[in-house]
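# Structural features, examined
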Amino acid sequence: LYTDMAPLFTAFSSTIKNIYVIGAGAYTLPINLRKQYPDAKISVSEIDPEIEKIGRAYFNLGAYNIKTEIGDARMKFSAAQQNQAEKYDLIFGDAYNSFISVPWYLLTKEFVSEVKNNLNPGGIYAVNFIGTLEGPQAKMFESVYSTMKTVFPNNYVVAFGNSPTSVQNITILGVNNTNY
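Everything numeric in this text was worked out from a predicted model, so none of it was measured. (Residues numbered from 1 in each chain as written. Predicted model: local features only at pLDDT ≥ 70, side-chain atom pairs only at ≥ 80, totals over all residues. Heavy atoms only, no water.)

Within the protein chain, the regular secondary structure consists of five helices and seven strands. What you see in the protein chain, going N to C, is helices and strands ordered as β-α-β-α-β-α-β-α-β-α-β-β. On C-alpha atoms alone, the protein chain measures out to a radius of gyration of 15 Å, which is about the 16 Å that the 2.2 N^0.38 rule sets for 180 residues. For the protein chain, the proportion of its 180 residues judged to be buried stands at 49%. At a minimum sequence separation of 6, the contacts of the protein chain that also span at least 24 residues come to 69%. Element-wise, carbon and sulfur atoms account for 53% of the exposed surface of the protein chain, whose accessible area totals about 8,800 Å². (Helix = DSSP H or I, 4+ residues; strand = E, 2+ residues; numbered from the N terminus. Rg over C-alpha atoms; globule rule 2.2 N^0.38 Å. Buried < 20%, exposed > 50% of the residue type's maximum accessible area, 1.4 Å probe, protein only. Contact = heavy atoms within 4.5 Å. Areas by Shrake-Rupley, 256 points an atom, 1.4 Å probe, with all protein chains shown as cover.)

As structure tokens, then:
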């Protein structure tokens, strides 16, 4: 599962101390990141305040040191905020507005560039979405990959399906440096 990919990030960075996750869901990804990086500061943006309440009531969120910021990630990473913004070693985009649909504005070149500006040197931006790698349904992958390549020349694709044409979770990693 893509939510178990936390150990992969150590292949790109030996120092992951400040993590930001866009979209909480059932908090599976942030909790797995907490287990992999116990000393890291982990923050999550969630647009729906009920999600945090559900996480505390049903997913034992209170047992983990994870800060939830209620609001839209666009505001967090907007150019106006960047002068006073803290920098991150890992930002993971995992927001959905339906079971399979990422909000379009979180996949634009402008947003991806703003996220990159909030990464430390060597920092990683991972964006997760549902799609296929090949075939007639690969338009989403092709679009997101094209955008990520424009902003992050150093990028990697991790897919979690049985074949390139199967619908699956796809995570594209952009690394904020030229050493890879």
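On we go from here.
This next bit is on empty space enclosed by the protein. All told, the structure shown has one cavity of 30 Å³ or more when counted by the stated rule. Taken as a whole, the largest cavity encloses approximately 50 Å³ of empty space. For the largest cavity, the full set of lining residues is Ile 22, Gly 93, Asp 94, Ala 95, Val 102, Leu 106, Leu 107, Tyr 125, Val 127 and Asn 128. The dominant element in the lining of the largest cavity, judged by the number of residues it contributes, is strand E5 (residues 119-131), at three residues. Residues belonging to the lining of the largest cavity are distributed by class as follows: seven nonpolar, two polar and one charged. (1 Å grid on protein atoms, 1.4 Å probe; cavity = no way out; pocket = protein on both sides within 12 Å on 5 of 7 lines; lining within 4 Å. Points joined across faces, edges and corners; volume = space filled by probe spheres on them. Nonpolar A, V, L, I, M, F, W, Y, C, P; charged D, E, K, R; others polar.)

In this structure the tally under the stated criterion is 10 aromatic pairs. Taken together, a centroid distance of 6.3 Å and an interplanar angle of 75° make the contact between Phe 77 and Phe 111 edge-to-face. On the criterion of sequence distance, the pair formed by Phe 77 in the loop between helix H3 (73-76) and strand E4 (88-93) and Phe 111 in helix H4 (residues 109-116) is long-range, its members being 34 residues apart. Of the two residues examined, Phe 77 and Phe 111, each falls in the buried class. (Phe/Tyr/Trp six-rings, centres within 6.5 Å; stacked < 30°, edge-to-face > 60°.)

Here we come to unusual backbone geometry. In this structure, Tyr 27 is a non-glycine residue whose phi angle is positive, near 65°. Inspection of the secondary structure puts Tyr 27 in the loop between strand E1 (18-22) and helix H1 (28-36). One non-glycine residue, Asn 60, adopts positive backbone phi at about 55°. Its location among the elements puts Asn 60 in the loop between helix H2 (49-58) and strand E3 (66-70).

Within E4, six of the six residues are buried, leaving the element largely enclosed by the surrounding structure. Note that E1 and E4 share four bridges and pair parallel. Each residue of the ladder has a partner; that of Val 21, found in E4, is Phe 92. Inspection of the sheet shows E4 paired to E5 by five bridges, in the parallel sense. (Pairing = 2+ DSSP bridges.)

It is worth spelling out the pattern of salt bridges at this point. Opposite charge on two side chains lets them pair, provided their charged atoms get close. This model, assessed by the stated rule, comprises six salt bridges. Salt-bridge contacts for Glu 50 lead to Lys 53; the nearest nitrogen and oxygen are separated by 3.2 Å. Residue Glu 50 and its partner Lys 53 are located together in helix H2, separated by three residues, close to a single helical turn. Glu 50 gets classed as partly exposed once you look at its relative accessible area, which sits at 41%. Lys 67 is paired through a salt bridge with Glu 69; the nearest N and O atoms lie 3.5 Å apart. Note on Lys 67: relative accessible area 47%, which makes it partly exposed. Within the structure, one salt-bridge network assembled from shared partners comprises Lys 67, Glu 69 and Lys 76. (Salt bridge = Lys/Arg side-chain N within 4 Å of Asp/Glu carboxyl O.)

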